[in-house]
Amino acid sequence: MRTSQLLQKVSVADLFLHVFVAIDDYLQGLTASGRCRLPDAPDRKGSISELMTIATVGDILEQPNDEVWFELVKQDHADLFPSLPDRTRYHRILLECPPETGR
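Residues numbered from 1 in each chain as written. Predicted model: local features only at pLDDT ≥ 70, side-chain atom pairs only at ≥ 80, totals over all residues. Heavy atoms only, no water.

Undergrad: Lay out the environment of Trp69 in plain terms, naming residues and giving numbers.
TA: Mapped onto the fold, Trp69 is located in helix H4 (residues 66-76). If we ignore the near neighbours within four places in the chain, the residues touching Trp69 are Phe16, Ile54, Val57, Gly58, Leu61 and Gln63. (Helix = DSSP H or I, 4+ residues; strand = E, 2+ residues; numbered from the N terminus. Contact = heavy atoms within 4.5 Å.)

Undergrad: How would you sum up the pattern of salt bridges? Please name residues and give values.
TA: Applying the stated criterion across every chain, the model contains one salt bridge. Residue Glu67 pairs with Arg87 through a salt bridge whose shortest N-O separation is 3.5 Å. Placement of the pair is Glu67 in helix H4 and Arg87 in helix H5 (residues 87-96), with a sequence separation of 20 residues. Overall, the relative accessible area of 37% leaves Glu67 in the partly exposed class. (Salt bridge = Lys/Arg side-chain N within 4 Å of Asp/Glu carboxyl O. Buried < 20%, exposed > 50% of the residue type's maximum accessible area, 1.4 Å probe, protein only.)

Undergrad: Any details on the packing of aromatic side chains? Residues and values, ideally.
TA: On inspection of all chains with the given rule, the structure shows three aromatic pairs. Between Phe16 and Phe81, the aromatic rings sit 5.1 Å apart at their centres with planes inclined by 80°, giving edge-to-face as the arrangement. Residue Phe16 is found in helix H2 (residues 12-33), and its partner Phe81 is found in the loop between H4 and H5; the two are separated by 65 residues along the sequence. Relative accessible area serves as the criterion here: at 6%, Phe81 is assigned to the buried category. Arranged with centres 4.1 Å apart and planes meeting at 15°, the rings of Phe70 and Tyr90 form a pair that is stacked. Linking Phe70 in helix H4 with Tyr90 in helix H5, this pair joins segments that are 20 residues apart in sequence. Among the aromatic residues, those joined into a ring-pair cluster are Phe16, Trp69 and Phe81. (Phe/Tyr/Trp six-rings, centres within 6.5 Å; stacked < 30°, edge-to-face > 60°.)

Undergrad: So what's going on with the packing of helix H3 (residues 48-60) against H5? Which residues, and what values?
TA: H5 packs onto H3 with a crossing angle of 100° between their chain directions and a minimal axis gap of 10 Å. What the angle tells us is that H3 and H5 run roughly perpendicular. From H3, Ile48, Leu51, Met52, Ile54 and Ala55 reach across to H5, where they touch Tyr90, Ile93 and Leu94. In the contact of H3 with H5, the residues fall into eight nonpolar, no polar and no charged. (Axes fitted to C-alpha atoms, helices over the stretch in contact; angles between N-to-C directions. Parallel < 35°, antiparallel > 145°, perpendicular 65-115°, else oblique. Nonpolar A, V, L, I, M, F, W, Y, C, P; charged D, E, K, R; others polar.)

Undergrad: Describe the packing of H4 against H5, with residues and values.
TA: Two quantities define a packed helix pair, namely the angle between the axes and the distance from one axis to the other. In contact at an axis separation of 10 Å, H4 and H5 are set at 115° when each is read in the N-to-C sense. With respect to H5, the element H4 is oriented roughly perpendicular. For the crossing formed where H4 meets H5, the hand is right-handed. Judged by residue contacts, Asp66, Glu67, Phe70 and Glu71 of H4 engage Arg87, Tyr90 and His91 from H5. Residue composition of the contact of H4 with H5, by class: two nonpolar, one polar and four charged. (Left-handed = near helix turned anticlockwise from the far one by under 90°.)

Below you can see the structure in the form of structure tokens.
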């Protein structure tokens with residue numbers, strides 16, 4: 001499905017919500033099964049699920065520049081993501097996310 005067709009059926013906010021729920025449920029399942037351990041940082045801005053959601057929705061919407069996309073999300077969707085790290089920290093957190101193990 002093309003991006004324009006997708007956005008005719010669902011808003012960007014709804015897309016964020018659906019993707020977040022899928023990612024968060026998946027990560028919770030991985031950690032509950034012991035196949036993955038996410039870093040626990042209570043003072044972290046933005047959860048792993050939120051940051052992965054932003055990256056995934058950017059990929060779905062075929063955003064050509066992830067740095068610009070992240071800044072756009074911070075500005076235009078602050079109601080959905082009220083506490084996000086700076087752009088460089090966002091990239092470091094995503095790079096540190098462990099891959100799924102135990103396939």
